[in-house]
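The primary structure of each chain is shown beneath.
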Number of protein chains: 2
Amino acid sequence: MNPRKILVAQGGGPTAVINQSLAGVVLEARRHRGVELVYGARHGVRGIVNEDLVDLTQETSHNLEMVAATPASALGSTRDKPDIKYCQEIFKVLQAHEIGQFYYIGGNDSSDTVRIVSEQAQAANYALRCIHIPKTIDNDLVGNDHTPGFPSAARFVAQAFAGANLDNAALPGVYVGVVMGRHAGFLTAASALGKKFADDGPHLIYVPERVFEVEKFLADVKATYERFGRCVIAVSEGIHDAAGTPIISTLAKELEHDAHGNVQLSGTGALADLLCEEIKQRLGIKRVRGDTFGYLQRSFIGCVSDVDQREAREVGEKAVQFAMWGGSDGSVAIKRAGYYAADYELLPLSAVAGKTRTMEDEFIAPNGTDVTDAFRLYLRPLLGSGMPDAYRLRPNPVAKVLNR
Amino acid sequence: MNPRKILVAQGGGPTAVINQSLAGVVLEARRHRGVELVYGARHGVRGIVNEDLVDLTQETSHNLEMVAATPASALGSTRDKPDIKYCQEIFKVLQAHEIGQFYYIGGNDSSDTVRIVSEQAQAANYALRCIHIPKTIDNDLVGNDHTPGFPSAARFVAQAFAGANLDNAALPGVYVGVVMGRHAGFLTAASALGKKFADDGPHLIYVPERVFEVEKFLADVKATYERFGRCVIAVSEGIHDAAGTPIISTLAKELEHDAHGNVQLSGTGALADLLCEEIKQRLGIKRVRGDTFGYLQRSFIGCVSDVDQREAREVGEKAVQFAMWGGSDGSVAIKRAGYYAADYELLPLSAVAGKTRTMEDEFIAPNGTDVTDAFRLYLRPLLGSGMPDAYRLRPNPVAKVLNR
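Residues numbered from 1 in each chain as written. Chains lettered and ligands numbered in written order. Predicted model: local features only at pLDDT ≥ 70, side-chain atom pairs only at ≥ 80, totals over all residues. Heavy atoms only, no water.

1. Re the relation of the copies chain A and chain B
For the record, the criterion: Least squares is used to superpose the copies, and the fit set is the C-alpha atoms of residues whose pLDDT is at least 70 in both copies. Here a residue-residue contact requires only that any non-hydrogen atoms of the pair lie within 4.5 Å.
Expressed as a screw operation, the relation of chain A to chain B combines 0.0 Å of axial shift with a rotation of 180°, fitting to an RMSD of 0.0 Å. What the superposition gives is, in effect, a two-fold axis relating one chain to the other. It is A:Gly269 whose C-alpha, among those of chain A, lies nearest the rotation axis, at 2.1 Å. Both copies contact each other with a shared surface, as 100% of the interface residues of chain A are interface residues in chain B too.

Encoded structure:
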């Protein structure tokens, strides 16, 4: 199969390397003799239904390379989650433009869109190859060792906590850093990779895979503070109580902050502020500071894993190769091969679509507030080369003269 | 003068390069034949009064170099602001340990401490050379072209906004980024250096040097949103109304968020959340997100200006040279020499101590929400080499088929 026209789009939250996948698709597709036109849809599926398309065949290879190294979705993205009717509209436009291959770079919602569009094409007996290309900083796609975008975000989080730990050691107190991840704690757990010395923070890590109990949390903080004279905490925005209610809601209610009673998790500093308030009020610790890493962790320009860049590029390239020489639609997945190398395979769309992966038990320490060595071994090679390293002065105390 | 013992300490908020200055002092001092011992005080002036001293003569040059490249204060810092009595205690310890030179790396409060200790020594007729070494991410020391630590923090802010702008272009809406700086807007203004294309954000920049009016702010946001379909805003944590009341207080009152009624500016996401709430409620824009850069902007490991590193190292080295071969106490200051080179001089302590520099008028655009080219020219060389650059796809629209 050698289609004359192909279309690519980007969906969901941008990442540091999603444009690598875009460049992988475009540059690989342009190599193929039968491909006349490579279209891109502006702002994901919304751009398709609105026929807001651009011709990427007219873009220079050089600029595509520069865009590949630029974070965020160069075609624009969307938060639209298409239902059947929406997918019918998508298919109508693909048909009208005689598109032979449809590539959608996105998370599990995007893979579900690809699955439905694929079914529509089959039902209409229209020859359309549909490929989902993975991306998400949450690392929550099933069937993948990890997903492009996660390693760079993880690197940002690890570097942020390495620095926050140094700052906290210089001016001791309690520091709470809130990290993205509604259901999966991978990104929050990445904070552990910022640790070097035994007494470094983060001393406590809370992921949504474990029930969060405020009383237990306060006891953990108290014990750590008494032991080290300080405490650095990594918290996932998605932490919840035993009933599944987000902690941001339960705390907001308890402290009567009305405007914080909603459950918007990202783009607000409320959870960090509420946790800090609890620590101040209940433990009587004065210097308590909270940061919400917010959009920085997925959009910061200049903090990227070279391993992530390479793999994001390759999933784009492989997508085109699977489409050109393979016989079925599917979702490109990363497999781990050796320590450390990556390989790629095409999974059935139904195996990935709409499913959510969370952290495996073997990655979470029994106490529920730390990661295991298995997780460190899993994540370290993904962070790439040139990770900054923290050094400290060795203690050589001077004998006191006045206060012997 | 060739003293047998010298002492160095670090005060105030840590920076990405304050350890360069520490290494500069220690390594340069150890070159001098008469210097037998180089002491460091743990946690600034508090470590001096507590006689919590370490012997830096016993630290390897190699580890000092590695520590120099590590952010935050390796000796530890303090927020203590010594009064006369406190300074008398400092002097008593320096005298007891027969310290001949006292180096304090810090901001304007620290320079005032050095000034008072210097006066005590003179009054007691005790031979003590006192040198203040500048550092502050706020860039608010008078008599300096700029201060070590500011360029690296400015680079973080510029990179953060370059990325946030890309993210906001991919998923349009309003984005508010709150930047440190209680009185001086330099760091917030640095966000402008993240712009590349004419329609890039930050579209609006608010510094504490200008009165912040909520109504004017909402009108600015509305106009920008209507023009670009999105709006990226940089706000200094120190913005205040005409009476000097912090906006965080006035808004908290207006929206009845009790727990946010205090004036803790850093370590809380309240200001960003309050501004977002205003925009949502008053302008009816749905996608409004706020980030508070918090401690990341001063502690993030792996985002540093090489120019800043070099200069921070040199102010430490020069401090020792001024002390060894100069005849007076003082504060080391950076002078701009050419485009771009730096030189150093020793200012009288009284010229720097306790004074606060704010942004010069020529750096702020007449409309009050942008910087001038003079500011861009001032800041760009300080950000150093290898600044990441953002690229975008060129528009090549495809003709519509269905909706012509």
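2. Things to note about unusual backbone geometry
Selection rule: A run of H or I in DSSP counts as a helix once it spans at least four residues, and a run of E counts as a strand once it spans at least two, with each numbered from the N terminus. A 1.4 Å probe rolled over the protein chains alone gives each residue an accessible area, and that area as a share of the maximum for its type sets the label: buried under 20%, exposed over 50%, partly exposed in between.
The omega torsion of the bond from A:Tyr339 to A:Tyr340 falls at 0°, within 30 degrees of zero and hence cis. Between B:Gly201 and B:Pro202 the backbone carries a cis peptide bond, its omega angle lying at 5°. Here B:Pro202 is to be found in the loop between helix H7 (186-189) and strand E7 (204-206). Of note in this structure, B:Glu98 is not a glycine but carries a positive phi near 55°. Positionally, B:Glu98 belongs in the loop between helix H4 (84-96) and strand E4 (101-106). The residue B:Asn125 is not glycine, and still its phi comes out positive at about 60°. Summarising the element assignment, B:Asn125 is placed in the loop between helix H5 (108-123) and strand E5 (129-134). B:Asn125 gets classed as exposed once you look at its relative accessible area, which sits at 75%.

3. A closer look at the interface of chain A and chain B
Formally: Summed over both partners, the accessible surface that disappears when two parts come together, traced with a 1.4 Å probe, is what is meant by buried area. Salt bridges are defined by distance alone: a side-chain nitrogen of Lys or Arg within 4 Å of a carboxyl oxygen of Asp or Glu. Two N or O atoms count as a polar contact when they lie within 3.5 Å, although within protein this holds only if one can serve as hydrogen donor and the other as acceptor, and sequence-adjacent residues are included solely when both atoms are side-chain atoms.
Each partner contributes to the interface: chain A provides 89 residues, whereas chain B provides 89 residues. Of the roughly 6900 Å² buried where chain A meets chain B, counting both sides, 60% is carbon and sulfur surface. Applying the counting criterion to the chain A and chain B interface returns four salt bridges. The residue B:Asp167 makes a salt bridge to A:Arg298 at a minimum N-O spacing of 2.7 Å. Across the contact surface, chain A and chain B share 32 residue pairs in polar contact (both at pLDDT 80 or more). Counting only elements with at least two residues in the side of chain A that touches chain B, the list comes to strand E3 (53-55), helix H3 (61-68), helix H4 (84-96), helix H6 (150-170), helix H10 (270-283), strand E9 (288-292) and helix H11 (296-299) of chain A. For the side of chain A that touches chain B, the leading source of residues is H6(A), giving 10 residues.

4. With respect to the layout of surface pockets
Residue and element names in this part refer to chain B. Quick note on the threshold: Here a cavity means grid points, on a 1 Å grid over the protein atoms only, where a 1.4 Å probe fits yet cannot get out; a pocket means an open set of points with protein on both sides within 12 Å along at least five of seven lines; lining residues are those with an atom within 4 Å of a point. Grid points are joined across faces, edges and corners, and a volume is the space filled by probe spheres set on the points. Throughout this entry, Asp, Glu, Lys and Arg are counted as charged residues, while Ala, Val, Leu, Ile, Met, Phe, Trp, Tyr, Cys and Pro are counted as nonpolar. The remaining residues, Gly among them, count as polar.
Taken as a whole, the largest pocket holds about 1200 Å³ of empty space. Looking at the largest pocket, it is lined by 42 residues, and the ones nearest its centre are Gly-12, Gly-13, Arg-79, Lys-81 and Asp-109. With four residues, H5 is the single largest residue contributor to the lining of the largest pocket. Its residues placed into classes, the lining of the largest pocket shows 10 nonpolar, 19 polar and 13 charged.

5. A closer look at the sheet that holds strand E5 (residues 129-134) of chain A
Residues and elements named next belong to chain A. The condition is simple: What makes two strands pair is DSSP finding at least two bridges between them. Every axis in this analysis is a line fitted to C-alpha atoms, fitted for helices over the stretch in contact. Angles between the N-to-C directions lie between 0 and 180 degrees.
Strand order in the open sheet formed by seven strands is E3-E2-E1-E4-E5-E10-E11, with mixed pairing between adjacent strands. On the outer flanks of this sheet lie E3 and strand E11 (342-347), each paired with one strand and no other. Strand after strand, the sheet turns through a mean of 25° between neighbouring axes, direction not considered. Examined bridge by bridge, strand E1 (residues 5-10) and strand E2 (residues 37-41) share four bridges and lie parallel to one another. What sits directly across from Ile-6, in E2, is Val-38. Relative to the sheet, helix H12 (residues 306-325) contacts strand E4 (101-106), E5, strand E10 (330-336) and E11, its axis offset from that of E11 by approximately 40°.

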